[in-house]
Amino acid sequence: MTDFFAGIAPVRYEGPDSDAELAFRWYDPDRVVMGKRLEDHLRFAVAYWHSFAWPGGDPFGGQTFERPWFSDGMEAAKLKADGAFELFEILDAPFFCFHDADVRPEGATFAESRRNLEEIVDYFAGKMETSRTKLLWGTANLFSHRRFMAGAATNPDPDVFAYAAATVKSCMDATHRLGGQNYVLWGGREGYETLLNTDLGRESEQAGRFLSMVVAYKHKIGFEGTILIEPKPQEPTKHQYDYDVATVYGFLRRFGLENEVKVNIEQGHAILAGHSFEHEIALASSLGIFGSIDMNRNDYQSGWDTDQFPNNHPEVALAYYEILRAGGFATGGTNFDAKLRRQSLDPVDLVAAHVGGMDVCARGLIAAAAMLEDGGLERLRAERYAGWDAPEAQAMLTSDLASIAARVESDGIDPQPRSGRQERLENWVNRFV
Ligand code: XUL
Ligand code: CO
């Protein structure tokens with residue numbers, strides 16, 4: 001037990017009229033929307049790294065946060081776990097996510113790091129016997145330590161490839177042991193800074209081989225969760241190989257892994273790639289690789305990955321609209337890959353950030369469900385493509401250019417442009433959000 005959150009009572013649903021600072025106004029876990037409880041739709045997860053391991057630094061200054069578990073050693077790691085599970089209980093969080101480096105001290109050797117991880121995983125397992133918080137996903141931190149500065153799977157040094165493989169194996173074992181529902185790979189340093197020292201072709205072959213081994217190991221140990229790749233276009237490296245959903249899909253196809261691996265789409269990464277979050281979700285679902293989301297938002301003025309808690313429900317409504325259209329989450333969920341602002345020092349700030357984020361997401365999902373149930377957008381979308389229902393239109397898809405050209409002339413085809421109705425559709429969306 002810590003007294004870190006002392007005096008902060010469990011946060012519960014009180015409805016939109018509540019004037020309590022810490023209350024859910026929209027997130028009523030038991031509210032049934034489109035036949036499913038909100039908790040089961042949203043599948044919220046707390047991210048261990050931002051909430052418990054991040055010291056509050058930015059490129060100009062270091063630690064601002066003071067946490068009782070900020071020191072080395074196993075005792076501190078256990079205290080951190082105590083604090084984490086206390087927050088999970090306050091929020092009644094259904095899930096959490098972690099990297100190895102968030103939860104265990106780094107050892108002097110690989111074997112010591114692995115033993116440290118196993119010890120903390122045992123400690124988690126003990127807590128999870130009485131907690132209702134489950135593991136959404138585990139992952140390996142293959143980007144913070146200097147050994148990974150030139151990449152993990154894509155490193156020019158085969159010893160780093162080996163170290164990364166051993167690390168991922170230990171993190172998959174940990175995830176499996178804790179009943180994790182997914183395993184994530186974000187290629188933090190899988191990219192490059194300059195072509196002058198980089199062999200692109202070789203590095204992506206290494207990445208493909210590495211991922212194939214991850215999939216093989218999943219089957220070997222009988223892990224039933226989903227393997228997820230998290231795309232990001234740049235930062236920390238200038239060119240990241242997993243740029244966006246489309247790039248990841250091409251990579252999966254190249255290595256025959258498109259039926260084995262899905263994507264974990266992060267809002268902030270989508271924006272950095274020049275896409276909208278909903279575009280990335282819709283594309284992944286159309287390709288059959290939609291898995292999970294990292295929910296956050298970036299600042300509109302600074303062009304980097306600021307990882308703020310979501311606070312704009314019309315924005316998230318469009319993302320959840322695509323998720324609901326895709327049939328909702330299977331093993332995935334809504335992970336708050338979001339951190340406090342570095343001046344938000346107080347324990348209550350951490351609670352409030354999650355409460356606000358959960359409420360924004362719930363409100364967005366409720367609006368998205370109402371839009372879907374109303375059916376207006378889908379009706380208009382179907383109408384826009386209705387011409388394709390005609391047999392001669394369908395026949396074109398198995399035809400050839402010369403036959404189509406002949407039909408254009410014989411039938412006197414003369415396309416008549418029709419309105420895309422964008423403003424009317426935007427007005428329609430605004431009726432729900
Ligand atoms: C980094 C990021 C990571 C991944 C997990 O931008 O999003 O936290 O989600 O490694
Ligand atoms: Co993320």
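The rules we used
Residues numbered from 1 in each chain as written. Chains lettered and ligands numbered in written order. Predicted model: local features only at pLDDT ≥ 70, side-chain atom pairs only at ≥ 80, totals over all residues. Heavy atoms only, no water. Helix = DSSP H or I, 4+ residues; strand = E, 2+ residues; numbered from the N terminus. Rg over C-alpha atoms; globule rule 2.2 N^0.38 Å. Buried < 20%, exposed > 50% of the residue type's maximum accessible area, 1.4 Å probe, protein only. Contact = heavy atoms within 4.5 Å. Areas by Shrake-Rupley, 256 points an atom, 1.4 Å probe, with all protein chains shown as cover. Lys, Arg positive; Asp, Glu negative; His and termini not counted. Charge placed at Lys NZ, Arg CZ, Asp CG, Glu CD. Salt bridge = Lys/Arg side-chain N within 4 Å of Asp/Glu carboxyl O. Donors = N, O, S within 2.8 Å, 3.2 Å for Na, K, Ca; no water. Tetrahedral: all angles 85-135°; square planar, octahedral: opposite > 155°, others 65-115°. Near = heavy atom within 4 Å. Polar contact = N/O pair within 3.5 Å; in protein donor to acceptor, adjacent residues only side chain to side chain. Nonpolar A, V, L, I, M, F, W, Y, C, P; charged D, E, K, R; others polar.

(A) Focus on the overall build of the chain. Across its full length, the chain holds 16 helices and twelve strands. Taken over C-alpha atoms, the radius of gyration comes to 23 Å for the chain, in line with the 22 Å a tight globule of 433 residues would show. Overall, the chain is about 80 × 60 × 45 Å in size when its C-alpha atoms are taken along their principal axes. Residue burial in the chain is summarised as follows: out of 433 residues, 51% are buried. Within the chain, counting contacts between residues at least 6 apart in sequence, those at least 24 apart form 76% of the total. Summed over all atoms, the accessible surface of the chain reaches about 20300 Å², with 52% contributed by carbon and sulfur. Positive and negative charge centroids in the chain, built from 43 and 65 side chains respectively, lie 2 Å apart.

(B) How the structure looks around the pattern of salt bridges. The full count for this structure, using the stated rule, is 24 salt bridges. For E119, the salt bridge goes to K78, with nearest N and O atoms at 2.9 Å. Residue E119 is found in helix α5 (residues 110–128), and its partner K78 is found in helix α3 (residues 74–91); the two are separated by 41 residues along the sequence. Residue K78 is classed as buried on the basis of its relative accessible area of 17%. A network of salt bridges, in which partner residues are shared, links D30, R37, E39, D40, D92 and R132.

(C) Examining the coordination of the cobalt ion (ligand 2) more closely. Distances from the cobalt ion (ligand 2) to its protein donors, E230 (OE), E266 (OE), D294 (OD) and D337 (OD), fall at 2.0 to 2.1 Å. Classification of the site at the cobalt ion (ligand 2) as octahedral follows from its six donor atoms and the range of 82 to 169° in their angles at the metal. Read from N- to C-terminus, the donor residues coordinating the cobalt ion (ligand 2) fall into the pattern E-x35-E-x27-D-x42-D. Note that E230 is positioned in the loop between β8 (226–229) and β9 (239–240) and E266 in strand β10 (residues 261–266), a separation of 36 residues in sequence.

(D) Representation of the site of ligand 1. As a structural note, the neighbourhood of ligand 1 is formed by W49, H99, W137, W186, E230, K232, E266, H269, D294, D305 and D337. One of the side-chain nitrogen or oxygen atoms of H99 is found 2.7 Å away from an oxygen atom of ligand 1. A distance of 2.7 Å separates an oxygen atom of ligand 1 from a polar side-chain atom of E266. For ligand 1, whose free accessible area comes to 290 Å², the fraction covered by protein is 94%. Within the shell around ligand 1, the residues separate by chemical class into three nonpolar, two polar and six charged.

From the geometry alone we can't say anything about function, so treat these as descriptive.
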